[in-house]
Amino acid sequence: MSLTGNRQMMNEGKSNSILVSGESGAGKTETTKLLMRYLAFLGGRSGTGGRTVEQQVLESNPVLEAFGNAKTVRNNNSSRFGKFVELQFDKSGKISGAAIRTYLLERSRVCQTSSPERNYHCFYFLCSAPSEDIKKYKLGDPSSFHYLNQSSCIRVDGINDAEEYLATRNAMDMVGITEEEQEAIFRVVAAVLHLGNISFAKGTEADSSVIKDAKARFHLNTAGELLM
Ligand SMILES: Nc1ncnc2c1ncn2[C@@H]1O[C@H](COP(=O)(O)OP(=O)(O)OP(=O)(O)O)[C@@H](O)[C@H]1O
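Conventions used here
- Residues numbered from 1 in each chain as written.
- Predicted model: local features only at pLDDT ≥ 70, side-chain atom pairs only at ≥ 80, totals over all residues.
- Heavy atoms only, no water.
- Helix = DSSP H or I, 4+ residues; strand = E, 2+ residues; numbered from the N terminus.
- Buried < 20%, exposed > 50% of the residue type's maximum accessible area, 1.4 Å probe, protein only.
- Contact = heavy atoms within 4.5 Å.
- Areas by Shrake-Rupley, 256 points an atom, 1.4 Å probe, with all protein chains shown as cover.
- Lys, Arg positive; Asp, Glu negative; His and termini not counted.
- Charge placed at Lys NZ, Arg CZ, Asp CG, Glu CD.
- Expected span 1.5 Å × (residues − 1).
- UniProt positions renumbered as here; feature names shortened; annotations may be inferred.
- 1 Å grid on protein atoms, 1.4 Å probe; cavity = no way out; pocket = protein on both sides within 12 Å on 5 of 7 lines; lining within 4 Å.
- Core = buried A, V, L, I, M, F, W, Y, C linked by side-chain atoms within 4.5 Å.
- Near = heavy atom within 4 Å.
- Polar contact = N/O pair within 3.5 Å; in protein donor to acceptor, adjacent residues only side chain to side chain.
- Sits in = over half its atoms within 2 Å of the grid points.
- Nonpolar A, V, L, I, M, F, W, Y, C, P; charged D, E, K, R; others polar.
- Axes fitted to C-alpha atoms, helices over the stretch in contact; angles between N-to-C directions.
- Parallel < 35°, antiparallel > 145°, perpendicular 65-115°, else oblique.
- Left-handed = near helix turned anticlockwise from the far one by under 90°.

## Some words on the overall build of the protein
Moving on, step 1. Regarding its fold elements, the protein presents 10 helices and 6 strands.
Moving on, step 2. With the C-alpha coordinates of the protein rotated into their principal frame, the extents come out at 75 × 35 × 35 Å.
Moving on, step 3. Across the 228 residues in the protein, those meeting the buried criterion constitute 38%.
Moving on, step 4. Look at the contacts in the protein between residues 6 or more apart in sequence, and 60% of them connect residues 24 or more apart.
Moving on, step 5. Counting only carbon and sulfur atoms, one obtains 52% of the accessible surface of the protein, whose full area is about 13,200 Å².
Moving on, step 6. Placing the 27 positive and 26 negative side-chain charges of the protein at their respective mean positions leaves the two points 3 Å apart.

Set out below in structure tokens:
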């Protein structure tokens, strides 16, 4: 399919589209990665050192999967969003640029998950980060966070969260997300986990509420610090 699309584009000089559809678990994500890899291979530039557009295109997948994929009943790596990937080629057929647009992330999953599903991978990856990051974001075991412990599924066979954290960081470097931007992104991810642990108790006045206890206050303060 990639080859046919590429040949038609080169012969007719027209843009081509490939639509990958199917039910959850059908193989859309894996097929799209294979299509992108082959198109990147066909449009690759030989001899260019460093970070090439092809590499950046391919490395966008681990980044999108970390933040937009989760384990569901049907698929351990289910994409909870849609995406439109545009690869641009120059007259000689070499990749000159790429753009990825995402649609409709399943946002409700952030606050609510149930067994045997998991929340988005990025939360578990961050909880398995090297100790200096854990300390910096004041994190701990995933099971200590409400947004993650509503489900009894914390770990997934075949996914090493610690390795995936490093792979995600590496992929973010590759696609050109600066260290500062990555820091900001993971601060928000950590802050979301802390926000989920803030609980309230009934206040003395009618219809009022107060922070429940010292633990809840710690998470409130930490979320505030991370979002500053
Ligand atoms: N070409 C393939 N080779 C090997 N395994 C595959 C292939 N395609 C799919 N699979 C297996 O099926 C699983 C589900 O595939 P994939 O994540 O691509 O489905 P999907 O259609 O994108 O699902 P969702 O809509 O839930 O994101 C993969 O994790 C993998 O185990």
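## Quick word on helix α3 (residues 53–68)
Moving on, step 1. Look at α3: 22 Å from first C-alpha to last across 16 residues, which is about the 22 Å you get at 1.5 Å a residue.
Moving on, step 2. Taken together, the buried positions of α3 are E54, V57, S60, N61, V63, E65, A66 and G68.

## Structural notes on the UniProt feature "binding site: ATP" (unreviewed entry) in the protein
Moving on, step 1. As recorded in UniProt, the feature "binding site: ATP" (unreviewed entry) lies at G22, E23, S24, G25, A26, G27, K28 and T29. Of the annotated positions named here, the largest pocket is lined by S24, G25, A26, G27, K28 and T29.
Moving on, step 2. In this fold, G22 is placed in the loop between α1 (2–12) and α2 (28–42).
Moving on, step 3. Among the secondary structure elements, T29 is positioned in helix α2.
Moving on, step 4. Excluding anything up to four places from it in sequence, T29 contacts E65 and S79.

## Brief notes about the nonpolar core
Moving on, step 1. Ranked by size, the top nonpolar core spans 30 residues in total, and within it F123, L126, Y137, L139, L148, F186 and L193 carry the most contacts.
Moving on, step 2. At the level of secondary structure, the elements contributing two or more residues to this core comprise α3, α5 (121–127), α7 (146–149), α8 (161–175) and α9 (179–196).
Moving on, step 3. The greatest single-element share of this core, amounting to 6 residues, is contributed by α5.
Moving on, step 4. Aside from chain neighbours lying at most four places away, what touches F186 is F67, L126, Y137, Y165, T168, R169 and M172.
Moving on, step 5. With 8 residues, the next largest nonpolar core counts M36, L39, A40 and F89 among its residues.

## Quick word on the site of the ligand
Moving on, step 1. Around the ligand lies a shell of 13 residues, among which S24, K28, T29, S78 and S79 are the nearest.
Moving on, step 2. A distance of 2.9 Å separates an oxygen atom of the ligand from a polar atom in the backbone of G27.
Moving on, step 3. Within the contact set of the ligand, an oxygen atom lies 2.6 Å away from a side-chain nitrogen or oxygen of S78.
Moving on, step 4. Placement of the ligand is best described as lying within the largest pocket.
Moving on, step 5. Top element by residues in the shell around the ligand is α2. It accounts for 4 residues.
Moving on, step 6. Among the residues making up the shell around the ligand, the classes are represented as 2 nonpolar, 8 polar and 3 charged.

## Some words on the packing of α2 against α3
Moving on, step 1. Where α2 contacts α3, the axes come no closer than 9 Å and their chain directions differ by 165°. The orientation of α2 with respect to α3, classified from their angle, is roughly antiparallel. The handedness of the crossing between α2 and α3 comes out as left-handed. For the pair formed by α2 and α3, the contact residues are T29, K33, M36, R37 and A40 on the first element and E54, V57, L58, S60, N61 and E65 on the second.

## Concerning the environment of A98
Moving on, step 1. Looking at the element boundaries, A98 is found in strand β4 (residues 95–103).
Moving on, step 2. Between the C-alpha atom of A98 and that of L87, which follows or precedes it by 11 residues, the distance is 4.5 Å.
Moving on, step 3. Among all residues touching A98, those that are not within four sequence positions of it are V57, E86, L87 and Q88.

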